[in-house]
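The residues making up each chain are set out below.
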There are 2 protein chains.
Amino acid sequence: MRNVLDRIGDKWTMLVLMALAGEPRRFGVLLRMVPDISKRMLTQTLRLLERDGLVTRHVFATTPPSVEYRLSPLGLSALEPLHALAQWADANFATIRASRARYDDGLARTDP
Amino acid sequence: MRNVLDRIGDKWTMLVLMALAGEPRRFGVLLRMVPDISKRMLTQTLRLLERDGLVTRHVFATTPPSVEYRLSPLGLSALEPLHALAQWADANFATIRASRARYDDGLARTDP
DNA sequence: CGGTATCCCAGTTGATACTG
DNA sequence: CAGTATCAACTGGGATACCG
């Protein structure tokens, strides 16, 4: 189970999964959708998701070639708990930011 | 939001949070509960959770001193989506393992 | 007991360049 | 377009030692 959570919890997986929600996307589109991800990391993340069976890869023999990635049913099912988490994060973002500011301020005032 | 998700998605946070579910725990207990975590990492994780307001720290002036950590209401609320995710991981662990094996086997057979 | 301070290596990532 | 290859830089985190 650690293995599964580790994959989902890595820096890019969740973002990629969410970028694939709804529609299948092409490589280049994903690259533009996920902020700051590099080709290298996008490729790696997609391969790992494919390996885990969360994403499927479809190559179209056009020129230039286009490759589409889409969520498998398993990948789709993962989106539910992931959305719940994202919603939680979104709902409590401000609170957490405030808590951080208070904490950091507390350190700053007692130390210098 | 990335900042929030990054914290939750790191190697230890989720494990520590879940170890704190239900009861408050002392430092040493957490150290033993979370497999393979070091003092250094446990301390760091707890500080970050405290900073984010998910965990509160309570010092008891006994000898030797004891320190208890407990989930704040915010931390408690985080547990819900986290449990949903853990349940998903648990439910699909076998499927994913199988997918990985199939994928790795496919690579192994076509390459050597 | 519950930390903090250092050191340091291994693995991850970003940049860059090249290819089918 | 959709990758792969290579290499340097950065960083997480383990090991270890010491402190209140």
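Residues numbered from 1 in each chain as written. Chains lettered and ligands numbered in written order. Predicted model: local features only at pLDDT ≥ 70, side-chain atom pairs only at ≥ 80, totals over all residues. Heavy atoms only, no water.

Looking at an unreviewed UniProt entry, one finds chain A named Helix-turn-helix transcriptional regulator and attributed to Acidisoma cellulosilyticum.

Could you give an account of the side chain of Glu68 of chain B, naming the residues involved and the relevant values?
All names here are of chain B. Tracing the chain through its elements places Glu68 in strand 3 (residues 66-71). In this structure Glu68 comes out as buried when scored by relative accessible area, which is 18%. Among the polar contacts listed, one links the side chain of Glu68 to the side chain of Arg70, at a separation of 2.8 Å. (Helix = DSSP H or I, 4+ residues; strand = E, 2+ residues; numbered from the N terminus. Buried < 20%, exposed > 50% of the residue type's maximum accessible area, 1.4 Å probe, protein only. Polar contact = N/O pair within 3.5 Å; in protein donor to acceptor, adjacent residues only side chain to side chain.)

Would you mind going over the pattern of salt bridges in detail, with residue names and values included?
Summed over all chains, the structure comprises twelve salt bridges over all chains. Asp52 of chain A serves as the salt-bridge partner of Arg7 of chain A, at 3.4 Å between the closest nitrogen and oxygen. Pair noted here: Arg7 of chain A is in helix 1 (residues 2-8) and Asp52 of chain A is in the loop between helix 4 (39-51) and strand 2 (55-60), with a separation of 45 residues, a long-range link. Counted as one network, the salt bridges with shared partners bring together Arg7 and Asp52 of chain A together with Arg100 of chain B. (Salt bridge = Lys/Arg side-chain N within 4 Å of Asp/Glu carboxyl O.)

Can you tell me about the interface of chain B and chain A, naming the residues and giving the values?
Contacts between the two partners involve 38 residues from chain B, matched on the other side by 38 residues from chain A. Buried area between chain B and chain A, summed over both chains or domains, comes out near 3,600 Å², and the portion from carbon and sulfur atoms is 66%. If you look at where chain B meets chain A, you find four salt bridges. In this structure, the salt-bridge partner of Arg51 of chain A is Asp104 of chain B, at a minimum N-O distance of 2.4 Å. Inspection of the region where chain B meets chain A yields twelve residue pairs in polar contact (both at pLDDT 80 or more). (Contact = heavy atoms within 4.5 Å. Buried area = accessible area lost by both parts, 1.4 Å probe.)

A description of the sheet that holds strand 1 (residues 25-26) of chain B should follow, citing residues and the corresponding values.
Residue and element names in this part refer to chain B. Sheet architecture is open: three strands sit in the order 1-3-2, paired in antiparallel fashion. In the strand order of this sheet, the two ends are held by strand 1 and strand 2 (55-60), each with one partner. Across six bridges, the pairing between strand 2 and strand 3 is antiparallel. The residue of strand 3 that forms the bridge with Arg57 is Tyr69. Where helix 4 (residues 39-51) meets the sheet, its contacts fall on strand 2 and strand 3, and the angle it forms with strand 2 comes to roughly 115°. (Pairing = 2+ DSSP bridges. Axes fitted to C-alpha atoms, helices over the stretch in contact; angles between N-to-C directions.)

Which residues make up the UniProt feature "domain: HTH hxlR-type" (unreviewed entry) in chain A, and what are the values?
As annotated by UniProt and renumbered to match this structure, "domain: HTH hxlR-type" (unreviewed entry) occupies residues 1-97 of chain A. A distance of 30 Å separates the end C-alpha atoms of residues 1-97 of chain A, which is 61% helix and 14% strand. (UniProt positions renumbered as here; feature names shortened; annotations may be inferred.)

Tell me about the relation of the copies chain B and chain A, and please be specific about residues and values.
Superposition of chain B onto chain A requires a rotation of 180° combined with a translation of 0.0 Å along the rotation axis, giving an RMSD of 0.2 Å. Both copies are brought into coincidence by an operation consistent with a two-fold rotation axis. For chain B, the residue whose C-alpha comes nearest the rotation axis is Gly9 of chain B, separated from it by 2.1 Å. Looking at chain B, 100% of its interface residues are interface residues in chain A too, so the copies touch through the same face. (Least-squares fit on C-alpha atoms with pLDDT ≥ 70 in both.)

Explain the sheet that holds strand 3 (residues 66-71) of chain A residue by residue, including any values.
Residue and element names in this part refer to chain A. The strand order across the open sheet built from three strands is 1-3-2, with neighbouring strands paired in antiparallel fashion. Each edge of the sheet is formed by a strand with only one pairing partner; in this case those strands are strand 1 (25-26) and strand 2. Packed on one face of the sheet, helix 4 meets strand 2 and strand 3 and runs near 115° to strand 2.

Go over the protein's contact with DNA strand D with me, naming the residues and quoting the values.
Around DNA strand D there are 19 residues in total, and Gly28, Lys39, Arg57 and Tyr69 of chain A together with Arg40 of chain B lie nearest to it. Put simply, 60% of the atoms of DNA strand D that lie within 4 Å of the protein are in sugar or phosphate. In this structure, Val67 of chain A approaches DNA strand D through a main-chain N or O atom, which is 3.3 Å from a phosphate oxygen. With respect to DNA strand D, the side chain of Ser38 of chain B contributes an N or O atom lying 3.4 Å from a phosphate oxygen. Mapped by element, the contributors of at least two residues to the surface near DNA strand D are helix 3 (27-33), helix 4 and strand 3 of chain A together with helix 4 of chain B. Among the elements that take part in the surface near DNA strand D, helix 4 of chain A stands out by supplying four residues, more than any other. (Near = heavy atom within 4 Å.)

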